[in-house]
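# Structural overview
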There are 2 protein chains.
Amino acid sequence: MSKDYFRRLPKHIGIIPDGNRRWAVNNNLDKKDGYYYGIDPGFQLYEIMLELGVKEATFYGFTQDNTKRPSNQKQAFTKACISAVNNLANKDANLLVVGNDKSAVFPKELLKYANKRVKFGRGLININFLVNYDWKWDLSNCNVINGQKKSLINNIASSDISRMDLIIRWGGRRRLSGFLPVQSVYSDIYIIDDYWPDFKKDHLYEALKWYQTTDVTLGG
Amino acid sequence: MSKDYFRRLPKHIGIIPDGNRRWAVNNNLDKKDGYYYGIDPGFQLYEIMLELGVKEATFYGFTQDNTKRPSNQKQAFTKACISAVNNLANKDANLLVVGNDKSAVFPKELLKYANKRVKFGRGLININFLVNYDWKWDLSNCNVINGQKKSLINNIASSDISRMDLIIRWGGRRRLSGFLPVQSVYSDIYIIDDYWPDFKKDHLYEALKWYQTTDVTLGG
């Protein structure tokens, strides 16, 4: 599928990679084991986005809410997030990890990437990764600066993440689950029923094909 | 359709009544004339929600973004919002109008209901109506209070509006368009392709039937 096929390419895609545990159960695995199978799909997606020329992508890693899950699941998704970042360090991306790094559940291994952008290789795409993210934490100090012609939301923890044009959620749930409330206000939302570990290229193409049919009004 | 049919009834439903102008064009009317036909559907919905026992509903009236539209459209949707409130004043609801009432485009006729809840008749349901609403205006002073066990978002302009369980959007667009970013973080979102003036009872039943199949995890 070539670059030119999609006339309107979203600049920034948000990814909610849901369904790892349900996938594991369906495949006679323990729930916690699903997360491992969620790493490779992210890199398949990364490659296609580079090919198409997408400029920015945000992956929903895990949230503070998620850390209330059984401890073996918590360990498994934390480990998967660390592996994903270590893999990405060998690629060409500008990584920004956003999450509450003051908390004990924030992985020590990722502290060096927390809340600042780090360039890997040729830095061909901005990849944001939400790790121990919490929407209340994100908004906790927000305020608005009113400029000449527009007002800007300021001081949110995720302020280095731009507005998302398109959000794709795997696993069938039709909700945002606290995913970047400010950057998602105008996002078009596309739901894929398949679970995230069953990712295939066509999922992205299908979402982008649908995106061609939407208008962008930014609330106007 | 009886009350008992829906085992899980959302306490609070958000309504995005989109598609009025597209409906007008399809019916050989001027775009602006679509809004008038959006009033009655709201009252049909009100009656069914009372019947089912829904406790709270929020209707997306118009936004500050919308006021950039051609002036005859602006006049038409403003007039429709005023008519809707005047009709509701003869029913049994607790009305809360939320929006920037310091702005010149906020309808004078609705100032007496702005940003405080007013009881009509027996007050059987809480109806929130967003009028000249703007998500940036809503969040402009937000902060978080950390209590013993949980943190609360505080000082948002819409703080008297509770979390929405289900959001139903008419008119086929799959996005929130700035609709209450804080109260929508965990909402299940259901899209109806028909335009809002073509509302029929079955739209709500279809959404509620789907809602039975979702789980509520609040991000956990």
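This text gives an overview of the structure that appears in the document.

About the criteria used
Residues numbered from 1 in each chain as written. Chains lettered and ligands numbered in written order. Predicted model: local features only at pLDDT ≥ 70, side-chain atom pairs only at ≥ 80, totals over all residues. Heavy atoms only, no water. Helix = DSSP H or I, 4+ residues; strand = E, 2+ residues; numbered from the N terminus. Contact = heavy atoms within 4.5 Å. Polar contact = N/O pair within 3.5 Å; in protein donor to acceptor, adjacent residues only side chain to side chain. Pairing = 2+ DSSP bridges. Axes fitted to C-alpha atoms, helices over the stretch in contact; angles between N-to-C directions. Salt bridge = Lys/Arg side-chain N within 4 Å of Asp/Glu carboxyl O. Buried < 20%, exposed > 50% of the residue type's maximum accessible area, 1.4 Å probe, protein only. Left-handed = near helix turned anticlockwise from the far one by under 90°. Buried area = accessible area lost by both parts, 1.4 Å probe. Least-squares fit on C-alpha atoms with pLDDT ≥ 70 in both. Expected span 1.5 Å × (residues − 1). Parallel < 35°, antiparallel > 145°, perpendicular 65-115°, else oblique. Patch = residues over 30% accessible without salt bridge, like charges linked within 9 Å, V, L, I, M, F, W, Y side chains within 5 Å. Areas by Shrake-Rupley, 256 points an atom, 1.4 Å probe, with all protein chains shown as cover. Lys, Arg positive; Asp, Glu negative; His and termini not counted. Charge placed at Lys NZ, Arg CZ, Asp CG, Glu CD.

## A look at the environment of Trp170 of chain B
Residues and elements named next belong to chain B. Counting through the fold element by element, Trp170 comes out in strand β8 (residues 166–170). Once the C-alpha coordinates of Trp170 and Ala24 are considered, the two residues, 146 residues apart in sequence, prove to be 15 Å apart. Each residue touching Trp170, except ones within four places of it in the same chain, is listed here: Ile15, Ile16, Asp18, Leu45, Ile192, Asp194, Tyr195, Trp196, Phe199 and His203. At 3.0 Å, the side chain of Trp170 forms a polar contact with the side chain of His203.

## So, the sheet that holds strand β1 (residues 12–17) of chain A
Residues and elements named next belong to chain A. With mixed pairing, seven strands are arranged side by side in an open sheet as β4-β3-β5-β2-β1-β8-β9. Taken across any chain shown, the strands that pair with only one partner, and hence form the sheet edges, are β4 (117–119) and β9 (188–192). Looking at each pair of strands side by side, their axes are set apart by 20° on average, direction ignored. Contacts from helix α5 (residues 201–211) reach β1, β8 (166–170) and β9, with the element oriented near 145° to β9.

## With respect to the pattern of salt bridges
Applying the stated criterion across every chain yields a total of 28 salt bridges over all chains. The salt bridge involving Lys136 of chain A is made with Asp134 of chain A; its shortest N-O contact spans 3.9 Å. Lys136 of chain A sits in the buried class, given a relative accessible area of 15%. Beyond isolated ion pairs, a larger network of salt bridges with shared partners links Arg173 and Arg175 of chain A together with Asp188 and Asp215 of chain B.

## Structural notes on the packing of helix α2 (residues 39–52) of chain B against helix α3 (residues 71–88) of chain B
When two helices pack together, their arrangement is given by the angle between their axes and by how far apart the axes lie. Residues and elements named next belong to chain B. One can describe the packing of α2 onto α3 by two numbers: an axis separation of 10 Å at closest approach and a directional angle of 35°. Seen along the crossing, α2 lies across α3 with a hand that is right-handed. Along its contact with α2, which presents Ile39, Phe43 and Tyr46, the element α3 presents Ala80, Ser83, Ala84, Asn87 and Leu88.

## A look at the interface of chain B and chain A
Contacts between the two partners involve 35 residues from chain B, matched on the other side by 35 residues from chain A. A buried area of about 3,100 Å², summed over both sides, lies between chain B and chain A, and 52% of it is on carbon and sulfur atoms. By the criterion of area lost to chain A, the three top residues of chain B are Arg174, Arg175 and Val185 of chain B, representing 22% of everything that side buries. Here chain B is connected to chain A by six salt bridges.

## Here we look at the relation of the copies chain B and chain A
For these two chains of identical sequence, chain B goes onto chain A by a turn of 180° and a shift of 0.0 Å along the axis, with RMSD 0.0 Å. The transformation relating the two chain copies, once decomposed into turn and shift, fits a two-fold axis. Here 100% of the interface residues in chain B have copies in chain A that are interface residues too; the copies meet face to matching face.

## A closer look at α3 of chain B
Residues and elements named next belong to chain B. The end-to-end C-alpha distance of α3 is 26 Å, a good match for the 26 Å that 18 residues give at a rise of 1.5 Å each. Burial in α3 covers these residues: Gln73, Ala76, Phe77, Thr78, Ala80, Cys81, Ile82, Ala84, Val85 and Leu88. Looking at the packing, one finds that the buried side of α3 touches α1 (20–26), α2, β2 (56–63), β3 (93–98) and β5 (125–133).

## Quick notes on the environment of Phe77 of chain B
Residue and element names in this part refer to chain B. By the element assignment, Phe77 lies in helix α3. In the structure, Phe77 is positioned 38 residues away from Ile39 in sequence and 10.0 Å away in space, judged by C-alpha atoms. For Phe77, the residues in contact, after removing those within four places along its chain, are Tyr35, Phe62, Asn66, Thr67 and Arg69.

## Thoughts on helix α2 (residues 39–52) of chain A
All names here are of chain A. For α2, with 14 residues, the first-to-last C-alpha span of 21 Å sits near the 20 Å given by 1.5 Å per residue. For α2, the set of buried residues is Ile39, Pro41, Gly42, Phe43, Leu45, Tyr46, Ile48, Met49 and Leu52. Where α2 terminates, the next one or two residues include Gly53, which has phi positive at roughly 95°.

## Some words on the environment of Lys55 of chain B
Topologically, Lys55 of chain B is positioned in the loop between α2 and β2. Not counting chain neighbours up to four residues away, the residues in contact with Lys55 of chain B comprise Lys11, Ile125 and Asn126 of chain B.

## Some details on the sheet that holds strand β9 (residues 188–192) of chain B
Residue and element names in this part refer to chain B. An order of β4-β3-β5-β2-β1-β8-β9 is seen for the seven strands of this open sheet, with the pairing classed as mixed. Each having just a single partner strand, β4 (117–119) and β9 make up the two edges of the open sheet. Sheet twist, expressed as the mean angle between neighbouring strand axes with direction ignored, is 20°. Both β8 and β9 contribute to a ladder of five bridges, which runs parallel.

## Examining the packing of α2 of chain A against α5 of chain A
Residues and elements named next belong to chain A. It is the contact of α2 with α5, at a shortest axis distance of 10 Å, that shows an interaxial angle of 45°. Considering their axes alone, α2 and α5 lie oblique with respect to each other. Considering how the two elements wind past one another, α2 and α5 form a crossing that is right-handed. Facing Leu45, Ile48, Met49, Glu51 and Leu52 of α2, the residues of α5 in contact are Lys201, Leu204, Tyr205 and Leu208.

## A word on a negative patch on the surface
A cluster of acidic residues, Asp193, Asp194, Asp198, Asp202 and Glu206 of chain A, forms a negative patch on the protein surface. Tracing the chain through its elements places Asp198 of chain A in the loop between β9 and α5.

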